[in-house]
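# Tertiary structure, described
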Amino acid sequence: MKSSSDLRHKYREILDLCSEYDKSVYITKNGHKDLAVMSIETYEKLAKRINTLADMPLRSALVTDNRLVHKGIRK
């Protein structure tokens, strides 16, 4: 965790931490978590994972009686 003043004064250091460890860094304001900062690579991996998980119920709903149902067409 880093303080909001660290974000202003140590931007490069925080950027390096995010990139090096592939993790988010929490920024605090008045001692409480306020923001999470991460590299774009970490963000894109997270977004891809969330989208994959969000599609899972849809995939399950499309499989009926061991047949794939797509847009109302049974195969």
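Residues numbered from 1 in each chain as written. Predicted model: local features only at pLDDT ≥ 70, side-chain atom pairs only at ≥ 80, totals over all residues. Heavy atoms only, no water.

When their charged atoms lie close together, side chains carrying opposite charge are able to pair. Tallying each qualifying case throughout the model produces two salt bridges. One salt bridge connects Arg 12 with Asp 16, and the closest N-O pair in it is separated by 3.2 Å. One end of the pair is Arg 12 and the other is Asp 16, both in helix 2 (residues 11–21) and four residues apart, which spans about a single turn. You can call Asp 16 partly exposed: its relative accessible area is 35%. Here Lys 45 makes a salt bridge to Asp 22, at a shortest N to O gap of 2.9 Å. (Salt bridge = Lys/Arg side-chain N within 4 Å of Asp/Glu carboxyl O. Helix = DSSP H or I, 4+ residues; strand = E, 2+ residues; numbered from the N terminus. Buried < 20%, exposed > 50% of the residue type's maximum accessible area, 1.4 Å probe, protein only.)

Glancing now at the pairing of strand 3 (residues 32–37). As paired elements, strand 2 (residues 25–29) and strand 3 share five bridges and run antiparallel to each other. Residue pairing across strands places Thr 28 opposite Lys 33, the latter belonging to strand 3. Hairpin connection of strand 2 to strand 3: two residues between the antiparallel strands, including Asn 30 at a positive phi of 55 degrees. (Pairing = 2+ DSSP bridges.)

With respect to the secondary-structure elements, Thr 28 resides in strand 2. By relative accessible area, which is 13% here, Thr 28 ends up buried. Non-local contacts of Thr 28, meaning those with residues more than four positions away in its chain, are made with Met 1, Lys 2, Ser 3, Ser 4, Lys 33 and Asp 34. (Contact = heavy atoms within 4.5 Å.)

Attention shifts here to the confidence of the model for the protein chain. Looking at the protein chain, pLDDT values average 77 and 75% of them are 70 or higher. Averaged pLDDT values over the elements of the protein chain bottom out at 48 in strand 6 (residues 73–74) and peak at 88 in strand 3. (pLDDT = per-residue confidence, 0-100.)

Our focus in this paragraph is the sheet that holds strand 1 (residues 2–3). Within the open sheet, the three strands sit side by side as 1-2-3. Their pairing is mixed. Each having just a single partner strand, strand 1 and strand 3 make up the two edges of the open sheet. Sheet analysis places strand 1 next to strand 2, joined by two bridges and oriented parallel. The residue of strand 2 that forms the bridge with Lys 2 is Ile 27. Contacts from helix 2 reach strand 1, strand 2 and strand 3, with the element oriented near 145 degrees to strand 2. (Axes fitted to C-alpha atoms, helices over the stretch in contact; angles between N-to-C directions.)

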